[in-house]
Amino acid sequence: MTVPNVATQQLLQLASALGCVGVELRNDLGRALFDGDDPAEIAALAAAQSQRVLALAEVKAFNVDPAEKLQVAQGLIDVAVACGAEAVALIPAVASQPIDRVDQRAALRQALSLLQPLLETSGVMGVIEPLGFLTSTLRFKEDVARVLDDLGRPACFRIVHDTFHHHLSGETMIAADLTAIVHISGITDPEPAVHQMADKHRVLVDADDRLQTIDQLRRLQAAGYNGPASFEVFDPEFHNITDPAVALAGSIAFIHDALAAEAAGAA
């Protein structure tokens, strides 16, 4: 999502040049997944660039009428297997009005019970991303954790910690042991109140970030998380810059330096 105008092959090269461990690829960019390349070719290209395909996004609104989503989910899981992707992203619906948390958990439990055999058979993980919007049908990591506890913590499910959605939800829980990937973005626009923050405001992380992304990363690390973090920038102006590598490298350096400074201070 951060560089939606970059073709898949070039994205793998860009990620490698930036020292990244892998990429997330999306099926909602208005064109064919992998830009029409064969999944096996993407697997080979990723290996050649020493890149992991961390996840394929997304099974949209997976928690609404989940039985009707199984064919879509199975199709994305099959592609994940073919391209060597480690996970598929499970994205909840956003409703027109707030949903009671009891109902959110019930819908999640039903969806995961249906998806579990598909994921276990394939060896692909389902990564669940709570969305912090007020009308999200799955808003809190705590509710995901509770449902996963009810199901016996199946290994095929993990959580996405998104720094934007974590901030919007107001949740304090850090579920490091259940987290498979972290999405990072910042908001530097001083105008929107928290309830007005939207995807379009999401930019790279720098010193003006209002989402407290660095603090979230520190807390995740302190709780034992050492997995990947993936930029998720939606700002249309950033999508149109001519050299995203320079901007991405600058944000990566800022994040590394900020976390290193914290570690040095703690020592």
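Higher on the page you've got the structure.
Summary of the structure given here. Sequence order sets the numbering: in each chain, residues are counted from 1 along the sequence as written. Since the coordinates come from a predicted model, pLDDT governs what is reported: local features require at least 70, and pairs of side-chain atoms require 80 or more to be given and counted, while whole-chain, interface and lining totals use all residues. Side-chain numbers here rest on the full set of heavy atoms in the structure, without hydrogens or water.

On to the overall build of the protein, then. Helix and strand content of the protein: nine helices and seven strands. The globule rule used for comparison is 2.2 Å times the number of residues to the exponent 0.38, while the radius of gyration itself is calculated over C-alpha atoms. For a compact globule of 267 residues, the expected C-alpha radius of gyration is about 18 Å, and the protein comes in at 18 Å, within 12% of that figure. Summarising its shape, the C-alpha atoms of the protein cover approximately 45 × 40 × 40 Å along the three principal directions. Counting only residues that meet the buried cut, the protein has 48% of its 267 residues in that class. In what follows, a contact means two residues having at least one pair of non-hydrogen atoms within 4.5 Å. The long-range fraction of contacts in the protein, counting pairs at least 24 apart against all pairs at least 6 apart in sequence, stands at 75%. Computed with the Shrake-Rupley method and a 1.4 Å probe, the accessible areas treat only the protein chains shown as cover for residues. Counting only carbon and sulfur atoms, one obtains 52% of the accessible surface of the protein, whose full area is about 12,000 Å². Numbering of helices and strands runs from the N terminus, with a helix taken as a DSSP run of H or I at least four residues long and a strand as a DSSP run of E at least two residues long. Working definition: with a 1.4 Å probe on protein chains only, accessible area under 20% of the residue-type maximum means buried, over 50% means exposed, and in between means partly exposed.

Time to look at the pattern of salt bridges. Salt bridges are defined as contacts in which a side-chain nitrogen from Lys or Arg sits within 4 Å of a carboxyl oxygen from Asp or Glu. What the rule picks out here adds up to 16 salt bridges. Across the pair D143 and R101 runs a salt bridge whose closest N-O atoms are separated by 2.9 Å. Note that D143 is positioned in helix α5 (residues 141-150) and R101 in helix α4 (residues 101-122), a separation of 42 residues in sequence. The partner of D199 in a salt bridge is R202, with the nearest N and O atoms 2.9 Å apart. The exposure class assigned to D199 is partly exposed, which follows from its relative accessible area of 25%.

Turning our eyes to something else, we now look at the side chain of K141. Position of K141 among the secondary structure elements: in helix α5. Contacts of K141, omitting those with residues within four sequence positions, involve P130, I159, H161, H166, E171 and M173.

The next point concerns the sheet that holds strand β2 (residues 52-60). Across a sheet, paired strands are connected by hydrogen bonds in the backbone, their directions being either parallel or antiparallel. Any two strands are treated as partners once DSSP identifies two or more bridges connecting them. Pairing in this open sheet of seven strands is parallel, and the strands run β1-β2-β3-β4-β5-β6-β7 from one edge to the other. Every other strand in the sheet has two partners, leaving β1 (22-26) and β7 (229-231) as the edge strands with one partner each. Taken pair by pair, the neighbouring strands of this sheet meet at an average axis angle of 30°, ignoring direction. Direction of pairing for strand β5 (residues 157-162) relative to strand β6 (residues 179-184): parallel, over a ladder of four bridges. Looking at β6, one finds that D162 is bridged to H183. For helices, the axis comes from a line fit to the C-alpha atoms of the stretch in contact; other axes are also lines fit to C-alpha atoms, and the angle between any two N-to-C directions lies between 0 and 180 degrees.

L56, F62, L90, L112, I128 and F157 are the most contacted members of the largest nonpolar core, which has 58 residues in total. In this view, F157 contacts L90, L112, L115, Q116, L119, M125, G126, I128 and L148; residues no more than four positions away in its chain are not counted. By convention a nonpolar core is built from buried Ala, Val, Leu, Ile, Met, Phe, Trp, Tyr and Cys residues, the set being connected through side-chain atoms within 4.5 Å. Grouped together as the second largest cluster of nonpolar side chains are 10 residues, L54, A57, A89 and V160 included.

Our next topic: the pairing of β5. Across the six residues that make up β5, a large majority, five, are buried. Pairing of strand β4 (residues 125-128) with β5, which is carried by three bridges, proceeds in the parallel orientation. Looking at β5, one finds that I128 is bridged to I159. We call a crossover right-handed when, viewed with the strands running away from us, the connection from the first strand over the helix to the second turns clockwise. A crossover connection joins β4 to the parallel β5 through α5; in handedness this β-α-β unit is right-handed.

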